[in-house]
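Okay, here's what each chain looks like letter by letter:
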Amino acid sequence: NIDYKFWFLRDLSLVVNAGLDYAENDGFRFEPGNPNNPDAFTTNEVSSGQNRNTSLDFYFNYKKNVESINTKVDITVGHAFQEFYRSSFFDRTTNINITQRDINRNALESYFARASFDISDKYLISASYRRDGSSRFSEDNRWGNFPGVSVGWKVSNEEFLQDSFFSNLKLRAGWGVTGQQEIGP
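An account of the accompanying structure is given in this report. (Residues numbered from 1 in each chain as written. Predicted model: local features only at pLDDT ≥ 70, side-chain atom pairs only at ≥ 80, totals over all residues. Heavy atoms only, no water.)

### Thoughts on the side chain of Asp118
- Position of Asp118 relative to the elements: it lies in strand E5 (residues 97-119).
- Reaching out from Asp118, the side chain makes a polar contact with the side chain of Lys154 at a distance of 2.8 Å.
- Leave out the neighbours within four places in its chain, and Asp118 touches Asn70, Thr71, Lys72, Tyr123, Leu124 and Lys154. (Helix = DSSP H or I, 4+ residues; strand = E, 2+ residues; numbered from the N terminus. Polar contact = N/O pair within 3.5 Å; in protein donor to acceptor, adjacent residues only side chain to side chain. Contact = heavy atoms within 4.5 Å.)

Encoded structure:
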């Protein structure tokens, strides 16, 4: 993770996140080789596999308190990429030799933006937009657009609730579009 604030514009920062998750596994299954001798084992199943997940995302974030209009502005624009790779190998020796090899590889790429405004520490407005692409879909239907908006009201910051028992009361309403890529390999 790198979080860098630009020296020429202190309200602007660049955040970069990178990750690698890697695992290998090997397995053996032993069964009695001779039913009359339970101590005589034989290997009749061998398996191995590899999982590798990589991710890289970066975004610019601009936060500014604009005192002249009593508004906090928070704007984010970025890109994210993830790749998932899994391979497995299975070999079973019985009366019939069965060998199976599976590889599952897919990727997800996203472009995103969000703008949030906190006006007078009472009224909230937010809008977001994502454009996501998944390798699990055909090239003709790979990309989707996912907008969202919300408004909020910090009711507990109003004068008529200053001496009430609420320490924080907020009403919020939003609308957005979501997607799903978990459709199988």
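### Regarding the environment of Asp132
- Following the sequence through the fold, Asp132 ends up in strand E6 (residues 123-134).
- The exposure class of Asp132 is buried, given its relative accessible area of 17%.
- Distance from Asp132 to Glu109, taken between C-alpha atoms, is 5.7 Å for residues 23 residues apart in sequence.
- If near-sequence neighbours (up to four positions away) are discounted, Asp132 is found in contact with Glu109, Ser110, Arg142, Trp143, Gly144 and Phe146.
- At 2.6 Å, the side chain of Asp132 forms a polar contact with the side chain of Ser110.
- A polar contact is formed between the side chain of Asp132 and the side chain of Arg130, at a distance of 3.3 Å. (Buried < 20%, exposed > 50% of the residue type's maximum accessible area, 1.4 Å probe, protein only.)

### Examining unusual backbone geometry
- Phi angles above zero are rare outside glycine, and Asn70 is one such case at about 50°.
- Notably, Asp121 is not glycine yet its phi reads approximately 55°, a positive angle.
- For Asp121, a relative accessible area of 38% puts it in the partly exposed group.

### As for the environment of Trp153
- Mapped onto the elements of the fold, Trp153 is located in strand E7 (residues 143-154).
- Owing to a relative accessible area of 31%, Trp153 belongs among the partly exposed residues under this scheme.
- Residues Trp153 and Lys122 lie 31 residues apart in sequence; the distance between their C-alpha atoms is 5.6 Å.
- Not counting the four nearest positions on each side in its chain, Trp153 is found in contact with Lys122, Tyr123, Glu158, Phe160, Leu169, Lys170 and Leu171.
- Here Glu158 takes part through its side chain, which lies 2.8 Å from a polar atom of the side chain of Trp153.

### Some thoughts on the layout of surface pockets
- Within this model, the largest pocket holds a volume of roughly 320 Å³.
- Together, 21 residues line the largest pocket, and Asp132, Phe146, Thr178, Gly179 and Gln180 are the ones closest to its centre.
- Elements that contribute at least two residues to the lining of the largest pocket include exactly E5, E6 and E7.
- Per-class residue counts for the lining of the largest pocket are six nonpolar, 12 polar and three charged.
- In this structure, the second largest pocket occupies an estimated 170 Å³ of space.
- Along its surface, the second largest pocket is lined by 14 residues, and Ser116, Phe117, Leu124, Ile125 and Ser126 are the ones closest to its centre.
- For the lining of the second largest pocket, the secondary structure elements donating two or more residues are strand E4 (71-93), E5, E6, E7 and strand E8 (170-176).
- The class makeup of the residues in the lining of the second largest pocket is five nonpolar, four polar and five charged. (1 Å grid on protein atoms, 1.4 Å probe; cavity = no way out; pocket = protein on both sides within 12 Å on 5 of 7 lines; lining within 4 Å. Points joined across faces, edges and corners; volume = space filled by probe spheres on them. Nonpolar A, V, L, I, M, F, W, Y, C, P; charged D, E, K, R; others polar.)

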